Amino acid sequence: MADAPLPQSLSASPSAAAEEAPLYAPRKQIYPQAVKGRYRTIKWVVLAVTLGIYYFLPFIRWDRGPNAPDQAILVDLANSRFYFFFIEIWPQEVYYITGLLVLAALALFLMNAVAGRIWCGYLCPQTVWTDLFYAVERFIEGDRRERMRHDREKLTFQVLGRKTLKHFVWLMIAWWTGGAWVLYFADAPTLVYELATFQAPFAAYLWIGILTFTTYTLAGFMREQVCTYMCPWPRIQAALTDEYALNVTYRYDRGEPRGSMKKNEALKLQGLPAGDCVDCDQCVAVCPTGVDIRKGLQLDCIQCGLCMDACDTVMSKIGRPQGLIAYDTDMNVQARIEGRPEVRRIVRSRTLFYAGIIVLVGFVMIASLAMRQSLYLSVMHDRNPLFVRLSDGTIRNGFTIRVANKNLDERRYALSVEGLRRARIDVVGGEVDQQGRSIVTVGPDQTLEARVLVTDTTSPTEDSTALRFILTDPATGNTVSTSDHFRAP
């Protein structure tokens, strides 16, 4: 097979291109054209599912019993709690949030290893909201050619009315975006009522205003500039990818040399090389960032797949096979040029490593959640003085204990110590039950901080003795313990 000419971006000298390329290019207005196809349908489904979850999830109820909020997902800043359906995260369990962030990063790395910037093209919030804003723009102002004509012509009352309506709808979407965000931090129905009656906290109005402005600006005006200049992920993922990662690729081995349909048909009749690309520029017209995929992989390309839909539509109309632009690798394109078999390795060391770490971290988090206790105890020894000698010659140490009751009802816990042969425990402000045990009472889903005095009624022979505090729930028999030291002269 004859060697096909490389796209311009692949054949140009990198040093020359770097010298000519400016650090920042002025924004050019982009008018993406509507397109139908497999990948556009996937993007519509992702948009509907993700925005549906984001906007309506705060209104889903979840019964946790008495003394607990019934919102399925709630970030309760006032009480330092995070609720996710049946899971409740306390401040001491912030490592679960860390685990979720690790899982999110690894999932992003895995997606990149499999199919490049698939996150950017389908799941990124900037992409999803920009798609929604584009849909509103097309519905009100028309498709690509109509919008371009309106912007070129003199402004009329009809055009002004359409633009005003478009921006109003954009602002309503942005406003509801900000409003939905604050609903995750308070009881949603209650906060909606307070917002409507102007009784909500100032912070709620402030954050709604900030998020309304950012959504309206980023999705309505900055759009592809966010992906090209503001987002660090395109630059990071370039260092994480490899030659086996699938990307939206123009198969220049089949498409070049490009030309009009009549010209290429004539070349074929003469026995000369002619590609399937008819130079219709539909792949450029539908691109939300204005990229010409035929120039190879570029930083601006978010790998959304719309150019594949546009090209497949054209190929179907002219009776040629689809897939001129498809998920592929430059390595396979070159292999076809040289007559070698293609290589596709979705399952390889890189993807197995990412998947394995995801499974491991997920298993550890699930196991930790399954085995975690509803009782927490921490102890801090007094720093000054370390000990006190009483009038009868005994030694007393002071401690501060913190007890967290993660149950939804009040609990009475018995406190004891191990490590001293004869020790007396006094909980300041506490009580003693009939068995002589020191009792600590903690309210439902609350944390109690108490002062504890431990006295050694014998004569200590060491200056430091290991001490273990044990907290027992008499109702269930569950225990939790922590260690410290008893200090003496």
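To start, this report covers the structure provided alongside it. Only a predicted model underlies this, so the values are computations on that prediction, with no experimental measurement involved. (Residues numbered from 1 in each chain as written. Predicted model: local features only at pLDDT ≥ 70, side-chain atom pairs only at ≥ 80, totals over all residues. Heavy atoms only, no water.)

## Structural notes on the sheet that holds strand 9 (residues 411–418)
Taken together, the five strands give an open sheet; going across it, the order is 11-12-9-14-15, and neighbouring strands pair in antiparallel fashion. Two strands bound the open sheet, and with one partner strand each, they are strand 11 (431–432) and strand 15 (479–487). Strand direction decides the pairing type here: strand 14 (residues 464–472) and strand 15, joined by nine bridges, are antiparallel. Residue pairing across strands places Ser-464 opposite Arg-487, the latter belonging to strand 15. (Pairing = 2+ DSSP bridges. Helix = DSSP H or I, 4+ residues; strand = E, 2+ residues; numbered from the N terminus.)

## Quick look at the packing of helix 4 (residues 95–115) against helix 12 (residues 233–240)
Relative orientation of the contacting elements helix 4 and helix 12 amounts to 65°, with a least axis distance of 10 Å. Taken as axis vectors, helix 4 and helix 12 run roughly perpendicular relative to one another. Here helix 4 runs over helix 12; the crossing is right-handed. Touching Leu-108, Phe-109 and Asn-112 of helix 4 are Trp-233, Gln-237 and Leu-240, all from helix 12. Here the residues of the contact of helix 4 with helix 12 are counted per class, giving four nonpolar, two polar and no charged. (Axes fitted to C-alpha atoms, helices over the stretch in contact; angles between N-to-C directions. Parallel < 35°, antiparallel > 145°, perpendicular 65-115°, else oblique. Left-handed = near helix turned anticlockwise from the far one by under 90°. Contact = heavy atoms within 4.5 Å. Nonpolar A, V, L, I, M, F, W, Y, C, P; charged D, E, K, R; others polar.)

## So, the sheet that holds strand 2 (residues 81–84)
One open sheet holds the three strands; their spatial order is 1-2-3, and the pairing between them is antiparallel. The strands lining the two open edges of the sheet, one partner per strand, are strand 1 (73–76) and strand 3 (87–89). Strand-to-strand twist in this sheet, taken as the mean axis angle between neighbours without regard to direction, amounts to 10°. Across three bridges, strand 2 lies against strand 3 in antiparallel orientation. Opposite Phe-84, over in strand 3, you have Ile-87 as the bridge partner.

## A word on the pattern of salt bridges
One pass over the structure, following the stated rule, counts 37 salt bridges. Between Asp-131 and Arg-40 there is a salt bridge; the shortest N-O distance is 3.2 Å. Linking Asp-131 in helix 6 (residues 125–141) with Arg-40 in helix 3 (residues 38–56), this pair joins segments that are 91 residues apart in sequence. Each of the two residues, Asp-131 as well as Arg-40, counts as buried. Between Lys-406 and Glu-93 there is a salt bridge, with the nearest N and O atoms lying 2.7 Å from each other. One end of the pair, Lys-406, is in the loop between strand 8 (395–405) and strand 9; the other, Glu-93, is in the loop between strand 3 and helix 4, with 313 residues separating them in the sequence. (Salt bridge = Lys/Arg side-chain N within 4 Å of Asp/Glu carboxyl O. Buried < 20%, exposed > 50% of the residue type's maximum accessible area, 1.4 Å probe, protein only.)

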